[in-house]
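# A closer look at the structure
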Amino acid sequence: MLDCAIIGGGPAGLTAGLYTTRGGLENVTMFEKGMPGGQIMNSSEIENYPGVTGEITGMDLMMPWPEQCQKFGLKHEMVNIVRVTKSNDIFTIHKEDGTTVQAHSVIIGTGSSPRRVGFSGEDEFFGKGVSTCATCDGFFYKGKEVAVIGGGDTALEEALYLAKICSKVYLVHRRDTFRAAPNTVARIKRTENIELVLNSSPDEVYGDAMGVTGLRVKNNDGETRDITVPGVFTFVGNDVNNQTLIQEDGSFLCDMNKAGEVIVDISMRTSVDGLFATGDMRIAAPKQVVSAAGDGAVAALQAISYVDEKLN
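All of the points below concern the structure found in this document. All figures in this text were calculated on a predicted structure; none of them were measured in a lab. (Residues numbered from 1 in each chain as written. Predicted model: local features only at pLDDT ≥ 70, side-chain atom pairs only at ≥ 80, totals over all residues. Heavy atoms only, no water.)

### Points about the sheet that holds strand 13 (residues 211–219)
One open sheet holds the 3 strands; their spatial order is 12-13-14, and the pairing between them is antiparallel. Each end of this open sheet is capped by a strand with a single partner; those strands are strand 12 (200–208) and strand 14 (224–227). Between one strand axis and the next, the sheet turns by 25° as a mean value, whatever way the strands run. The sheet contact formed by strand 13 and strand 14 spans 4 bridges and is antiparallel. Counterpart to lysine 218 in the pairing with strand 14 is threonine 224. (Pairing = 2+ DSSP bridges. Helix = DSSP H or I, 4+ residues; strand = E, 2+ residues; numbered from the N terminus. Axes fitted to C-alpha atoms, helices over the stretch in contact; angles between N-to-C directions.)

### Thoughts on the state of the cysteines
Taken as a whole and judged by the stated rule, the model has 1 disulfide. Between the sulfur of cysteine 133 and that of cysteine 136 lies a disulfide, 2.0 Å long from S to S. On the S-S bond that ties cysteine 133 to cysteine 136, the torsion sits near 70°, and the link is right-handed. Relative accessible area serves as the criterion here: at 7%, cysteine 133 is assigned to the buried category. Overall, the relative accessible area of 39% leaves cysteine 136 in the partly exposed class. With no disulfide of its own, cysteine 69 has cysteine 4 as its nearest cysteine by sulfur position, at a separation of 12 Å. As a non-bridged cysteine, cysteine 166 has cysteine 133 as the owner of its nearest cysteine sulfur, 13 Å distant. (Disulfide = S-S within 2.5 Å. Buried < 20%, exposed > 50% of the residue type's maximum accessible area, 1.4 Å probe, protein only.)

Set out below in structure tokens:
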């Protein structure tokens, strides 16, 4: 029986692991199907994490976190969790291999996944020229031209990263203004090898057996343009990874909003006692590392109080 089960190993889950173990819970396991660190591990540059100055990647930022947590006794189990249920005041964690473990409390922070845009050829060429990770795949296009689709902070930051290694970057955005930070927009406009393709949406990505050869975009007037590129990077938001909370009858374990985000209060408490939700999967998430870490700390402190009150 675990005092606390932590589902997800991003900034929220790791911080929750640090605070629960250091705060006195003796039996805490973090379940993360891959390497801990979360989506930020794919970021090419971090400028806005407090206290971190100079050039640093997401991987550089997150690398020390697991070791720090494990120092205080956090256990990490590399397994996919398919469902969390609750019965008789006890949570059951259902693993992909069919085994289960029980816990008095659960902190969930399974984050979100990059959203597909939905244009023709996107799925067909995903992994064959279409990517959602510039730091993962940008190297393959060194000295070549690529296209980036999106208008938020992530899209612009990744366009700037690609501009350092690619000969040219076409930045395709459906509006003529960006949702990104003003400083990032200014940097985009100063970068000579980034061409803005505004008021335009991707219509089709096409190619051959070797992969992508071009992207067709359509502007707001219906006119089309073919951009000859071997690589297309999409950054148009994320979908909440809430599958773990879906019950066998199709309902959710706790209350959610229409977007599938977990409804929490200021203390990260859900509608189910002992269940706390953190990071990108909860309502009104700023989707920043620092806020996800704060969520993890808040949830951990609440979980400690909940378990102490329950057992003593």
